[in-house]
Every structure is written in C-alpha cells, then in structure tokens.
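# Chain and residue survey
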Amino acid sequence: MKEEIKAYNSVLDLIGNTPLIKLNKVSVDLTGNFYAKVEAFNPGHSTKDRIALYIIEEAEKRGILKPGDTIIETTSGNTGFSLAMVSIIKGYDCILAVSSKSSRDKIDMLRSMGAKVYVCPAHVSADDERSYYNVAKRLHEETKGSVYINQYFNELNVDAHYKSTGPEIWEQTGGQITHLVACSGTGGTISGTARFLKEKNPNIKILGVDAFGSVLKKYHETKEFDNAEIYPYRIEGLGKNLIPTATDFDIIDKFIKVSDEESAHTTRELAKKEGLFVGYTSGAAFQAVKQYAEEGEFDANSNVVIIFPDHGSRYMSKVFSDDWMNEQGFFDSVNQEEALKIEIIK
Ligand SMILES: Cc1ncc(COP(=O)(O)O)c(C=O)c1O
C-alpha cells in the first residue's frame, strides 16, 4: 500500500489554530500568568485570515458570491492581504481601498498578492468622499458583480472570532482563562472572542485596548461620540474615528488607551526578550497589559490571554526601523542607547 502524502490542499487549510505562547521575560515584574495568542502563525501572518475566509465562505453559501466576482474592502492592510490570499485560491478579483497611513511594505504586499490598491488620505473624516470607507463604497457601486466585505459593519466579522478564536482560547487554557486583552479596531476580534468566552464563563474579564487619538474608550464609557478625542496617531489597525457596529461595547468591561511611543518600545521589547517578532498592535496590547497591571487588574491566580494580531515583518519601515523611531522622537525620552549601532566593516 502506498503511503499517504501528508500535504495541505492549500494555504487556506492552515488558517486558525494558532498557538498560545507563555510570556516569560517581559512579564517578570507583573503579577499573574500571561499568554500570547500569536496570530502571526496564520498563513497570511495575521488574525484577519480568519475573517477573510469565513466571510467569503458565508457569502458563497448564501449565493451572494459567484465565480469571477470581485471582492472589495477598506483595509489598513491585514484584511486586504488575507482577502487577496483567499481570492487567489478561490478565483475572485480583489480591489482594496487603503489608508495613506499604511506602510509602503503593506501596500506592495497587497499588490504582490494580485490586488488592485487605491491609497486614500488618512487624516480626513470618515464621511469625506476621499476617505477609504467612501472610496470603497463608490468602487462597489461602480463594479458589477462586486461584494463589499465592509468589516466595520459586518456581523460575520464578529461571528468568525466567535466560531474560531474564542473556542481555541477556551480549549487551549482548559477553561482557566481569567482575562482577555485585545486591541479594538473593527472590534470583531474582541467582540466575537469575548462573546464565546463569556458564554462559557461570564466572570472572564474583557479588557480592550484603544489608542490616544481614537473615540472608542470615551464612547464605551459615556455613549457619547466626542470629536475632540480624534487626532492623528501612528499605530495602524487599533482605535477608530467612527463607531463600528462590529464592536459589541456591552461585552467589553473596560478600555485603556496606549501611546504610540510606549507601544513602539514594547513591540521592540517583545522581539528582544521573548523572540516574538510581532506587529505594532501586539506591542500596544502588551503595553496595555502593563498599564492594566498598574491599575491592579491582575493577581497571582490570573491567567491573562493577550491577542497578538500580526507579524513584525509588516513594520520594517516603522517600529523596527531606527530611523523611523528617531524621526518620531521616540528615542529622545527613553532608551537613547537602544538605537542599534551598526558596525560597518570596510
Ligand atoms: C494590526 C492590527 N491589529 C489589530 C486590529 C484590530 O482587530 P479588529 O479589527 O478585529 O478589532 C487590526 C484590524 O484592522 C489590525 O490590522
């Protein structure tokens, strides 16, 4: 009898089932046990693989997507990459409207995956006709046989995490998770994961991560949309200048805001101390853990799961570039000496 060939049918078979990895060195000064759900292990290197596959397959099941159709989305990069990847395997065209805040690497990556990319100004309001939301809507109207994924306002974004990320964390922790810490952009990750976990154990605390310059934390606390909260910031994918319906504010217990600078240093710390080469929002999430710890959120029995959304290779021209860190003034106040001295041998 011939041996079975142990191969996956395509990269799509590798989506999800990402590892939970204990954080050892970055957490030495903190009380509790800390575990990272490292989403960079998805084949598209981010958590957005889960929603891309789930939403496209749901649209196929419902007869909304037909062979040769076009998938359109607004994206800070990761969702676009995942949609482009799934589109290639399944035979769809992919059009993406991205923010000018997205790194050049991300835009080049999307184009390498066969997507058509429109770069839209980052610092215009969400209702401006040039915003990436409105550009995607217009392209959807103009393109026959197109489907607009609309991750900010699509309940399937939440469902994807309810059906995969939540059950995985519950199973991986043997039900012993006490706190979930997750960044909120569309809110799909935190809301779907939290919904599953709270159904299993309503005492699990859901701790959100927001950025300075975003409306989410204030909206969560007051239900007021405060324009004064909105100003430009550097972290991509975290925080918002609108209120996405994909965010279930009621299931989130608390939000904390993190700064561009501290999040950048924490991202670099994760690489240097844990060997975890993860993205800017992973650093932001762990920065939030440090701040939540200062507020006394955790004790010795806490089992804290932190979602690390994507891979560090997407930020080579940002947090992992010393020149970029210097330009932002991030080496001025802390760790002057952290700037790598590169020795050139002649
Ligand atoms: C790098 C990164 N981190 C975090 C998030 C936030 O995830 P969610 O949109 O599920 O709230 C995103 C989403 O765009 C992202 O791209």
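Chains are numbered independently. Their residues run from 1 in the order of the written sequence. Side-chain atom pairs in this predicted model are given and counted only at pLDDT of 80 or more, local residue features only at pLDDT of at least 70, and totals for whole chains, interfaces and linings cover all residues. Hydrogens and water molecules were not included; the side-chain quantities draw on all heavy atoms of the structure.

### Focus on a nonpolar patch on the surface
Note on patches: the residues involved have over 30% relative accessible area and no salt bridge, like charges join within 9 Å, and the nonpolar side chains Val, Leu, Ile, Met, Phe, Trp and Tyr join within 5 Å. What sets the accessible areas is the Shrake-Rupley method with a 1.4 Å probe; for residues, cover comes only from the shown protein chains. We count a salt bridge whenever a side-chain nitrogen from Lys or Arg sits within 4 Å of a carboxyl oxygen from Asp or Glu. On the surface, V11, I88 and I89 cluster together to form a nonpolar patch covering roughly 230 Å² of accessible area. You can see I88 is positioned in helix α2 (residues 78-90). Each helix is a run of H or I in the DSSP string that is no shorter than four residues. Each strand is a run of E no shorter than two, and both are numbered from the N terminus.

### Concerning the site of the ligand
Whether a residue is near a molecule or strand is decided by its heavy atoms; if any one of them lies within 4 Å of it, the residue is near. Within the structure, the ligand sits among 16 residues, and K48, G185, T186, T189 and T281 are positioned closest to it. Between the ligand and G185 there is a distance of 2.7 Å, counted from an oxygen atom to a backbone nitrogen or oxygen. The definition of a polar contact used here is a pair of N or O atoms within 3.5 Å, where within protein one atom must be able to donate a hydrogen and the other to accept one, and adjacent residues in sequence count solely through side-chain atom pairs. One of the backbone nitrogen or oxygen atoms of G187 is found 2.8 Å away from an oxygen atom of the ligand. Coverage of the ligand by the protein chains reaches 98% of its 390 Å² of free accessible surface.

### Notes on the domain arrangement of the chain
If you check the domain split of the chain, you get domain 1 (11-46 + 162-328) and domain 2 (47-148). All the domain ranges listed were derived from an automatic or database domain assignment. Placing a centre on the C-alpha atoms of domain 1 and another on those of domain 2 gives a separation of 23 Å. Each partner contributes residues to the interface: domain 1 has 35 residues there, and domain 2 has 25 residues. A quick way to say it: buried area is the sum, across both parts, of accessible area lost when two parts are put together, with a 1.4 Å probe. Across the domain 1/domain 2 interface, buried area totals approximately 2,400 Å², and carbon plus sulfur atoms make up 50% of it. On the surface where domain 1 and domain 2 come into contact, there are 2 salt bridges. The partner of E168 in a salt bridge is R50, and the shortest N-O contact between them spans 2.9 Å. Classifying every residue of the side of domain 1 that touches domain 2 gives 11 nonpolar, 15 polar and 9 charged. Any two residues whose heavy atoms approach within 4.5 Å at even a single point are treated as in contact. Polar here means any residue outside two lists: the nonpolar Ala, Val, Leu, Ile, Met, Phe, Trp, Tyr, Cys and Pro, and the charged Asp, Glu, Lys and Arg; Gly therefore counts as polar.

### Observations regarding the packing of aromatic side chains
Any pair of Phe, Tyr and Trp rings, taking the six-membered ring for Trp, is counted once the centres come within 6.5 Å. Such a pair is stacked with planes under 30 degrees apart, edge-to-face with planes over 60 apart, and tilted for the rest. Per the stated rule, a full pass over the model turns up 9 aromatic pairs. Relative to F249, the ring of Y219 has its centre 5.0 Å away and its plane inclined at 65°; by these criteria the two rings are edge-to-face. Of this pair, Y219 sits in helix α8 (residues 216-222) while F249 sits in the loop between α8 and β9 (254-258), and the two are 30 residues apart along the sequence. The same class applies to Y219 as to F249, namely buried. On the numbers, 6.1 Å between centres and 90° between planes, the contact of Y280 with W324 is edge-to-face. Here W324 lies in helix α11 (residues 322-327) and Y280 lies in helix α10 (residues 280-294), a separation of 44 residues in the sequence. Here Y280 matches W324 in class, with each residue buried. Each residue in the set Y132, Y133 and Y152 is aromatic and connected to the rest through ring pairs, giving one cluster. Positioned above the aromatic ring of F81 is the side chain of R314, whose terminal nitrogen or guanidinium carbon lies 4.4 Å from the ring centre. Burial classes follow relative accessibility: with a 1.4 Å probe on protein chains only, a residue under 20% of its type's maximum area counts as buried, one over 50% as exposed, and anything between as partly exposed. Our definition puts a charge over a ring when NZ of Lys or CZ of Arg is within 6 Å of the ring centre and also within 35 degrees of the ring normal.

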